[in-house]
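Commentary on secondary and tertiary structure
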Amino acid sequence: MNKPLEINPLKLSQPMGALLAFLGIKNCMPLMHGAQGCASFSKVFFTRHFNDPIAIQTTAVNDITAVIDGGDYSISEAVKNITAKVTPELIGLFTTGLTETKGDDIRGVASILNPQHNIVYVHTPDFEGGLESGYTKTIEAIIEQLVEPQDHIEKKITLIPHVSMTPLEVERVKEQIELFGWSVFALPDISESLDGHLGLKQGALSSNGISVSEIQGLGSSHAVITIGASVRNCGEKLCSKNQNMQHLHFDTIGGLRASDAFYGELISLSHVLRPHASIMRWRKRLQDALLDTHFILGGLKVVLACEPDQMVLFSSILTEAGAKIKAAISSTKSDALDKMPSSHIIIGDLDDAERFLDESTLLITNFHGERLSKKYKTALIMRGFPDYETLGNQLKDDILYQGSTQFLFEVANCVSVHSHHN
Amino acid sequence: MVNKKQIKELLNESACNHSEQKKSSCDRPKPGATSGGCAFEGAQISLFPFADAVHLVHAPSTCLGASWETRATPSSYDGENNTYLGYCTNVTLNDVIFGGNKKLEDSIEYIIKHKKPKAIFVYETCVTAMIGDDMDNIASRMELKYSIPIVVVHAPGFVGSKNLGSRLAGEAVLDKLVGTKEPNEIHPFGINLIGEYNVTGDMWQYTPILEKIGIKVVSTLAGDGRIESIQTAHRAKLNVIVCAKSLITLCRKMEERFGIPYISVSFYGKRDTSNALRSIVAAFKNEELSKKAEIIIAEEEEALETKLLPYKEVLKGKKAILNTGGNKSWSIASALQDIGIEVVATSINKSTLEDIEIAKQYVPILMKSPANEQAKLIDEHNVDILLAGGRSLYTAIKKKIAFVDVNQEKKVSYGAYGGLENLAKDVCAAVKNPVFSIVGTPAPWDGLHE
């Protein structure tokens, strides 16, 4: 009998992905069109993960409005109540399974409200897709509805990170591109909003990020750089706003070869001969780290249970040091999985991951893996959403030369400490 | 399916003090101005602590994906502890169009075959309520086929708040489980603990004391709960509602059906714990039991006072402001007073009328809009400690006073006598910690002009 249900799910929902995308926009009020619980669950989830307040409101659909309202009442009422207290630069309206089942016309409602309020709308039912697709759909909607078409280009680059990149990783990539002389705008930019900074006021709106006017002007970017298979189409979408814009896509920027590819493209795009000295130093450190850690990581059997784009990152780094991906459990379908070097690629849950843990040494997954790692005595590296256990996970960095170097050391140390204790 | 009549009855609970006035906690949520969880969450929180039952959520991915393994409700169950596991039918577009009945039925069969639980709770959610899956029918067929209780909880998120969901969960337990089994023996001083979820082991702080006195806990709803014991709950002699008021309807109905009286108590702080023990014992009107209880209470209080001495030394003369919601607005205030802290003000902006009445008895200043009031009160009263949620952290940093996050998921129990020592420890640690004034130090470039 095939398993008809999910046990210990890995999958997170589309509306949660939409929320993360809107949280990377300055002074934005994410508005979830659903029952109050949809927003409350997501708020608590990310608040505990990031250890910071999360801006979100709900249209609070109830059993009566679920039947007699097509969204007009609850959405416009919500916008009225929100703007009575705060002045958002953008309201990010996204749907849930409930409001998609009843089939609300959010485009119609948004167009009525839009002259007065700035609203971006997106359909994100949670009975389809997952975290990555919800996030991607939202970025596409933002591009479609906000970015103005252009024909000239300026010395600037748009960066579109995938949903599992941490605030610090987004910041690092921006800084690396800036080292080549570009101004960089990340869409969305969670590096200043969810990075865990002590702010003067913890307001009801997203604290920082890319501004609406910056988004409107992204059409004049010289190039758009997308990182992660899930956001590849977002890059295409942005290019459609300006035929002179180039699109550089990377499935991942973890490990030596993928980082080489990233810097290589930047070098030719920027017409420079040598990158900044720090980049060259970190490449040598990564070479050294690969050699230092390969004794421990060579042949190491690893189970990954993550969002697809994050899984590609970890496998890219670890296999360079000789690790074997015993099983790759993905939350959802993705093109990224085609290239995964594993004989067991499964779209599934943590219950599926358990089958491979007896024969594996290392598990990389979110904090739910803690119980599993105890049960099967495997080493554990916690990554991905949610992580309610460790602090500072908004500042983890596993990408490019520097992040990959530190990741290799973290994993090798974790595995060797674990082997001493078991 | 959702029972509208039942919901109406629950919202107008006659045993609720506030029912005659304003139904403050039972209003419909306002779009764009609502926080707090839904009915499904309330039901889930109430029932998840049954560790020997599987909790199957019939929903797409937000409902469970964001909510499993989130609460520390320990269990002593020695089988597979389902409290920390997540089961979800993962409703997809296909199910929305063609219905999720088949998937639900298959899922129940899979669980019974592979997990052999003592019971299965099936949670209805918004989407599966909208598509009209016939959960009751499936549950009763499966129940007949496999002879284990399968309880459908009709609390989809959109019917209301967390509080209502807890009530609906209580109704489901009452209708499907309570009274379906006879116990081997009936204890003369048997009680049910209702609305106690054993968060961080709160319940275990006082159940050993109850046992010492001679009170037997017949069943709990649902901290460290077991299906078999809740089935015999009708043979208890007293229902004890712990802190949460949401399950008052269940208790009223159990009184009507089985003649079990109920009392409401709180186990936060020394005074409240002692009062709680006294109220429980008093309900049995047994002189010997009362005498024994007094002896044990005296012992416990004395032992606690000795343990608290070093903390009271540190906290002597300290003033605090409390900014939290619900019954915490008075229960934590009372606990703070028990460790020698003067509570200057407490927040009531999220409390029920009943909570406000109680809070009045403990604290002189009630803040209706704490975000605007607390900073001023800190200055006026020379307050030393702010106990609040994370949003208020910056206020404490700015005022350079100690901060304790009372809304964060607790790691240790603050319940009963033992928990009071934990609270004292945490508050002392905050008061002694230099971090709050260090973090508030101006940066070297502050005040410089270009």
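Residues numbered from 1 in each chain as written. Chains lettered and ligands numbered in written order. Predicted model: local features only at pLDDT ≥ 70, side-chain atom pairs only at ≥ 80, totals over all residues.

**As for the sheet that holds strand 10 (residues 301–306) of chain A**
Residue and element names in this part refer to chain A. Pairing within the open sheet is parallel, and its 5 strands lie in the order 12-11-10-13-14. Since the sheet does not close on itself, it has two edges, and those belong to strand 12 (345–347) and strand 14 (379–382), each with one partner. Averaged over all pairs of adjacent strands, the angle between their axes in this sheet comes to 15°, without regard to strand direction. Bridging between strand 11 (residues 324–330) and strand 12 involves 3 bridges; their strand directions are parallel. Among the inter-strand pairings, Ala-328 is bridged to a residue of strand 12, identified as Ile-345. Contacting strand 13 (362–365) and strand 14, helix 16 (residues 400–421) runs over the sheet at an angle of about 150° to strand 14. (Pairing = 2+ DSSP bridges. Helix = DSSP H or I, 4+ residues; strand = E, 2+ residues; numbered from the N terminus. Axes fitted to C-alpha atoms, helices over the stretch in contact; angles between N-to-C directions. Contact = placed C-beta atoms within 7 Å.)

**Brief notes about the domain arrangement of chain B**
Residue and element names in this part refer to chain B. By the assigned domains, chain B splits into domain 1 (1–9 + 36–265) and domain 2 (309–439). Averaged C-alpha coordinates put domain 1 and domain 2 at centres separated by 33 Å. Across the contact, 9 residues belong to domain 1 and 13 residues belong to domain 2. A breakdown of the residues in the side of domain 1 that touches domain 2 according to their chemical character gives 4 nonpolar, 3 polar and 2 charged. (Domains from an automatic or database assignment. Nonpolar A, V, L, I, M, F, W, Y, C, P; charged D, E, K, R; others polar.)

**Overview of the interface of chain A and chain B**
The partner chain B presents 48 residues to the 50 residues of chain A that form the contact. Secondary structure elements with two or more residues in the side of chain A that touches chain B: strand 1 (6–7), helix 1 (14–22), helix 2 (36–50), strand 3 (57–58), helix 4 (72–85) and helix 5 (97–101) of chain A. Of the residues in the side of chain A that touches chain B, the class split is 23 nonpolar, 17 polar and 10 charged. With 2 bridges joining them, strand 1 of chain A and strand 2 (residues 87–88) of chain B adopt antiparallel strand pairing. Note that in strand 2 of chain B the partner of Ile-7 of chain A across the bridge is Tyr-87 of chain B.

**Remarks on the pairing of strand 10 (residues 342–347) of chain B**
Residues and elements named next belong to chain B. When you tally the buried positions in strand 10, you get 5 out of 6 residues, the bulk of the element. Here strand 9 (residues 319–323) runs beside strand 10; their pairing, made up of 4 bridges, is parallel. Along strand 10, the bridge assignment pairs Ala-320 with Val-343. Note that the unit made of strand 9, helix 14 (residues 328–338) and strand 10 has a crossover that is right-handed. Sheet topology places strand 10 next to strand 11 (residues 365–367); 3 bridges connect them, and they run parallel. Bridge pairing in strand 11 links Ala-345 to Ile-365. The parallel pair strand 10 and strand 11, bridged by helix 15 (residues 353–362), forms a crossover whose chirality is right-handed. (Buried ≥ 20, exposed ≤ 12 C-beta atoms within 10 Å, placed from the backbone. Right-handed = clockwise from strand over helix to strand, strands pointing away.)

**Notes on the environment of Leu-400 of chain A**
Residue and element names in this part refer to chain A. Here Leu-400 shows up in helix 16. Along the primary structure Leu-400 and Phe-385 are separated by 15 residues, whereas in three dimensions their C-alpha atoms are 21 Å apart. Not counting chain neighbours up to four residues away, the residues in contact with Leu-400 comprise Arg-172, Gln-176, Ile-253, Ser-259 and Phe-262.

**Some details on helix 7 (residues 131–146) of chain A**
Residue and element names in this part refer to chain A. With 16 residues, helix 7 ought to run about 22 Å at 1.5 Å a step, and its terminal C-alpha atoms sit 22 Å apart, in line with that. Of all 16 residues making up helix 7, 12 are buried, and the element is well covered by its neighbours. By the burial criterion, the buried members of helix 7 are Leu-131, Glu-132, Ser-133, Gly-134, Tyr-135, Thr-136, Lys-137, Thr-138, Ile-139, Ala-141, Ile-142 and Ile-143. (Expected span 1.5 Å × (residues − 1).)

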